[in-house]
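# A look at the structure
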Amino acid sequence: MSLNLMQTFSIFGFFIILLFIVGTYCLVVTRNILRAVIALEILIKAVTLLLIVVGYITGNVALAQSLVITVIVIEVVIVVIAGGIALSVFRHNDDLDVRRLQNLKG
Amino acid sequence: MNLNIFLLVIMTLAALWTVMARSLLKATMGLAITSAILTILIFRMASPLAAVFELSVCTGLITVVFVSTISMTKPLTHKEIIEASKDRLKRFWYLPVIMILAAIGLCFLKIPGDIKPALSTGTMDVRNVLWNLRQLDMFGQVIIIIAGALGVAILFKERKDEP
Amino acid sequence: MPSLIILVPLLGLIILNMPIGNFMRRGAFWFAIALFSAQVLLAVFHHSLAWTGKLPPVDALFKVGFTIDHLTFIMFICIGLVSFSSLLVARHAMGDEGELFKFINLLIIASVGMSGIVMVKDIFSLYIFLEITSIASFILIAFRKDVYGLEGAFKYLVLSAVATILMLTSIALFILVSGDTSFSTIGASLQSGNRVIVMLAIGIFICGLFIKGGVVPFHGWLPDAYMSAPAPVSILLAGIITKAAGIYTLIRITSAVFGFIEPVKAILMLAGTVSILFGAFAALGQNDFKRMLAYSSISQIGYIVLGAGTGTALGIAGAVFHLFNHSVFKSLLFVNASAVEKELKTNDMNRMGGLSYRMPITSATSMVGFLSTCGIPPLSGFWSKLLILIALWQTGHFAYATIAVLASVLTLAYFLMMQRKVFFGKLALGLENVKERGAGIMFVSIALAFITIGAGIFFPVIYNNFLLPIKEILVK
């Protein structure tokens with residue numbers, strides 16, 4: 001592997017890990033249902049970037065693209081369903097606070 | 001390469017802003033910006049088709065979904081926003097600190113030098129891969145979209161017995 | 001030909017949802033019944049032509065290879081049986097025809113997703129079918145749109161999304177070392193790949209599967225989802241979804257891709273043992289009928305993971321047989337729990353008592369279910385636990401074997417407590433008018449109880465025809 005590709009991978013890896021930290025922190029700390037979904041979105045963005053970079057480095061751009069397209073379709077469906085759940089929760093509780101969701105204990 | 005680094009920095013900052021933003025609408029905007037920068041990055045990584053998808057679906061559709069969900073829920077009053085943002089600040093100010101520490105830590109972490117990526121010599125077109133090699137995935141997508149439509153039909157409908 | 005398992009339900013779904021008249025709604029129930037029965041029958045009589053025959057037009061159009069072996073057949077039987085039971089219970093529990101129609105659609109989607117999971121031989125297609133199954137289950141858990149259901153669904157959604165993000169990360173790393181996503185390519189390149197990256201990818205993937213399967217450090221969503229879901233959905237979730245999505249996948253991926261290397265085995269055994277103990281102790285302290293069953297599920301999943309962790313043919317056969325048994329008797333127990341819940345309008349065990357006078361069949365079939373869970377001979381649960389124990393003993397893990405036996409006693413303890421509180425003793429106040437439920441549900445409980453007893457009595461036949469050939473997955 002040429003030094004250049006190696007460098008690309010390490011630089012992208014650096015920022016992908018930072019994005020993972022942002023998303024995970026938000027997911028753990030937040031108290032709003034929609035913000036939890038936004039945190040999931042950031043995590044998915046990081047994974048998308050990782051897939052594309054891996055495809056670029058290994059020269060498998062076509063494979064990586066088709067995987068990313070599928071991931072994007074699935075991502076949208078999940079976000080829509082999470083939005084539907086958030087909306088239904090709001091109709092019950094009149095707010096989106098996760099702390100109100102303590103009826104069940106893990 | 002320098003442009004890539006610049007874009008990555010901007011994207012990380014946009015993600016940070018998304019997470020720390022005071023109102024949900026601003027967070028949604030931040031997410032859209034993150035996604036738009038990701039689009040440029042994907043485009044620069046020689047993947048134009050995926051970039052188009054990312055732009056139209058993630059930047060466009062998901063933002064619409066978020067904004068409509070937010071607008072259907074009750075907005076907070078001004079006083080509540082100030083209360084909530086004080087509370088949020090208390091919980092979220094650790095994040096930049098953690099990120100800086102992690103960045104410093106990562107600089108010392110050597111990525112192992114002997115990664116041997118499996119170089120592919122294939123010159124298949126993405127449409128070819130999608131329709132011939134990954135046919136099963138396309139069927140899976142069809143099923144997922146049907147499931148999503150059913151989910152919308154069930155979850156977004158008002159309950160009849162609500163007062 | 002195996003591709004029909006996916007194509008037929010998909011076409012059926014599309015036709016059922018066409019706006020061509022109301023008779024489609026009534027037809028949906030019978031279509032689903034036919035689908036699930038066909039799946040079970042084809043898998044039981046797996047020597048027939050159906051699996052090897054050619055169907056030129058379809059094969060030409062849909063040129064995807066599938067894995068079809070004895071592990072797949074057993075999973076098909078489980079999927080068909082549990083979906084069938086769930087369907088019959090749903091017909092009884094849901095009054096509204098429109099709701100039942102939507103439920104059947106989602107049930108078919110979930111079962112297609114699971115059939116896909118057990119057939120694919122590509123790690124990314126595996127991810128897609130996992131997502132199909134879990135999206136169908138989010139919607140199913142939130143189906144009634146009550147607060148509990150929504151909360152359970154949301155917890156499951158977040159944790160499941162985290163699990164799939166972990167899996168995707170690991171898939172990206174696998175592409176980095178192997179350049180492709182099929183099981184065989186990845187498996188072949190793991191030896192030559194960079195050690196750190198390979199281990200990282202395997203660890204992340206196993207974490208994701210543990211979340212999906214509800215193995216102990218990641219079990220937080222499981223009791224909530226099982227408890228808050230509507231009755232037919234908790235049967236489906238407890239009976240098969242977590243097992244197909246988490247445990248089967250674990251066994252398949254470990255045998256086909258990772259190989260049974262020492263660190264993987266150690267992780268599986270440790271996680272399995274912790275799950276067994278944690279689930280059993282937590283079940284002892286529950287007052288809610290369904291919640292107790294959920295913790296008991298965690299404990300039994302622990303046995304399956306422990307058995308698979310031995311990495312020998314016998315251990316895997318035991319694990320797979322326990323998976324089958326567990327999906328049968330846990331469905332049985334959840335069917336009975338839903339019957340009790342529907343009659344009494346509560347799940348609180350302290351308010352129950354003496355139900356065996358009013359619901360004799362529920363009581364008797366529950367007895368069969370829990371005796372099988374505890375591993376009392378000659379019921380089927382005894383044989384699967386015995387296989388797992390022998391495998392542990394042969395590989396020299398005496399400590400794990402001892403813990404597994406002792407935990408069985410704990411299982412007996414909490415189920416006896418449950419049976420005494422719910423079914424035996426004096427009839428509790430206010431339960432004088434409780435009746436046995438409808439014929440449909442009764443048929444399901446009796447049939448599942450007979451499968452449990454039959455699988456125990458005819459164990460040698462099952463062992464020779466279904467379990468022994470499983471060792472073919474170990475030969476690569």
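Here the structure is a predicted model, which is why all the values come from computation and not from measurement. (Residues numbered from 1 in each chain as written. Chains lettered and ligands numbered in written order. Predicted model: local features only at pLDDT ≥ 70, side-chain atom pairs only at ≥ 80, totals over all residues. Heavy atoms only, no water.)

Check the secondary structure of chain C and you find 20 helices and zero strands. Over its C-alpha atoms chain C spans a radius of gyration of 21 Å, differing by no more than 12% from the 23 Å that the globule rule assigns to 476 residues. Principal axes of the C-alpha set define a box for chain C whose edges measure 70 × 60 × 45 Å. Across the 476 residues in chain C, those meeting the buried criterion constitute 65%. A separation of at least 24 residues holds for 81% of the contacts in chain C among residues at least 6 apart in sequence. Per element, the accessible surface of chain C, about 15,400 Å² overall, is 71% carbon and sulfur. (Helix = DSSP H or I, 4+ residues; strand = E, 2+ residues; numbered from the N terminus. Rg over C-alpha atoms; globule rule 2.2 N^0.38 Å. Buried < 20%, exposed > 50% of the residue type's maximum accessible area, 1.4 Å probe, protein only. Contact = heavy atoms within 4.5 Å. Areas by Shrake-Rupley, 256 points an atom, 1.4 Å probe, with all protein chains shown as cover.)

Every contact between the two is made by 80 residues of chain B and, on the other side, 64 residues of chain A. Summed over both sides, the interface between chain B and chain A buries roughly 6,500 Å², with carbon and sulfur atoms accounting for 79% of that surface. Taken as a group, Met45, Arg91 and Leu155 of chain B account for 10% of the area that chain B buries against chain A, more than any other trio of residues on that side. Where chain B touches chain A, the interface holds one salt bridge. The closest approach of N and O atoms between Lys45 of chain A and Glu54 of chain B, which form a salt bridge, is 3.7 Å. At the surface where chain B touches chain A, the tally comes to five residue pairs in polar contact (both at pLDDT 80 or more). For the side of chain B that touches chain A, the secondary structure elements donating two or more residues are helix H1 (2–20), helix H2 (24–44), helix H3 (48–72), helix H4 (78–92), helix H5 (94–108), helix H6 (126–133) and helix H7 (135–155) of chain B. Sort the elements by how many residues they give to the side of chain B that touches chain A and H3 of chain B lands first, with 14 residues. Classifying every residue of the side of chain B that touches chain A gives 53 nonpolar, 14 polar and 13 charged. (Buried area = accessible area lost by both parts, 1.4 Å probe. Salt bridge = Lys/Arg side-chain N within 4 Å of Asp/Glu carboxyl O. Polar contact = N/O pair within 3.5 Å; in protein donor to acceptor, adjacent residues only side chain to side chain. Nonpolar A, V, L, I, M, F, W, Y, C, P; charged D, E, K, R; others polar.)

All names here are of chain C. It is the contact of helix H2 (residues 23–44) with helix H4 (residues 70–93), at a shortest axis distance of 8 Å, that shows an interaxial angle of 155 degrees. If you check the angle between H2 and H4, you find them roughly antiparallel. Helix-helix and strand crossings are classified by hand; for H2 and H4 the assignment is left-handed. On H4, the residues touching Phe29, Trp30, Ala32, Ile33, Phe36, Ser37, Gln39, Val40, Ala43 and Val44 of H2 are Phe73, Phe76, Ile77, Ile79, Gly80, Leu81, Ser83, Phe84, Leu87, Leu88 and Arg91. The residue inventory of the contact of H2 with H4, partitioned by class, reads 16 nonpolar, four polar and one charged. (Axes fitted to C-alpha atoms, helices over the stretch in contact; angles between N-to-C directions. Parallel < 35°, antiparallel > 145°, perpendicular 65-115°, else oblique. Left-handed = near helix turned anticlockwise from the far one by under 90°.)

Before going further, it helps to spend a moment on the side chain of Ser160 of chain C. Residues and elements named next belong to chain C. Mapped onto the elements, Ser160 comes out in helix H7 (residues 147–178). For Ser160, a relative accessible area of 3% puts it in the buried group. For Ser160, the residues in contact, after removing those within four places along its chain, are Ser134, Phe138 and Lys212.

With that settled, the discussion passes to the interface of chain C and chain A. Facing the 36 residues of chain C at the interface are 36 residues of chain A. Surface buried jointly by chain C and chain A totals about 3,200 Å² across both partners, of which 82% is contributed by carbon and sulfur atoms. A per-residue breakdown of the area chain C buries against chain A is headed by Glu151, Phe154 and Ile165 of chain C, which together make up 19% of the total. On the surface where chain C and chain A come into contact, there are zero salt bridges. Applying the counting criterion to the chain C and chain A interface returns one residue pair in polar contact (both at pLDDT 80 or more). Contributions of two or more residues to the side of chain C that touches chain A are made by helix H6 (123–141), H7, helix H10 (221–228) and helix H13 (289–309) of chain C. With 18 residues, H7 of chain C is the single largest residue contributor to the side of chain C that touches chain A. Partitioned by chemical class, the residues of the side of chain C that touches chain A number 22 nonpolar, six polar and eight charged.

Phe205 and Ile240 of chain C are the most contacted members of the largest nonpolar core, which totals 264 residues. Two domains each put at least three residues into this core: domain 1 (1–74) and domain 2 (124–163) of chain B. One finds Ile276, Ile388, Leu392 and Ala407 of chain C within the second-largest nonpolar core, a separate group that totals nine residues. (Core = buried A, V, L, I, M, F, W, Y, C linked by side-chain atoms within 4.5 Å. Domains from an automatic or database assignment.)

Tracing the backbone shows Arg252 of chain C in helix H11 (residues 231–258). When sequence neighbours within four positions are dropped, the list of residues in contact with Arg252 of chain C reads Thr67, Asp69, Leu71, Thr72, Val118, Phe183, Val257 and Ile473 of chain C.

Once that is clear, we can look at the pattern of salt bridges. Residues and elements named next belong to chain A. This structure, assessed with the given rule, holds twelve salt bridges over all chains. The salt bridge involving Glu75 is made with Lys45; its shortest N-O contact spans 3.1 Å. Of this pair, Glu75 sits in helix H3 (residues 61–93) while Lys45 sits in helix H2 (residues 33–58), and the two are 30 residues apart along the sequence. Lys45 shares its class with Glu75; the two are buried.

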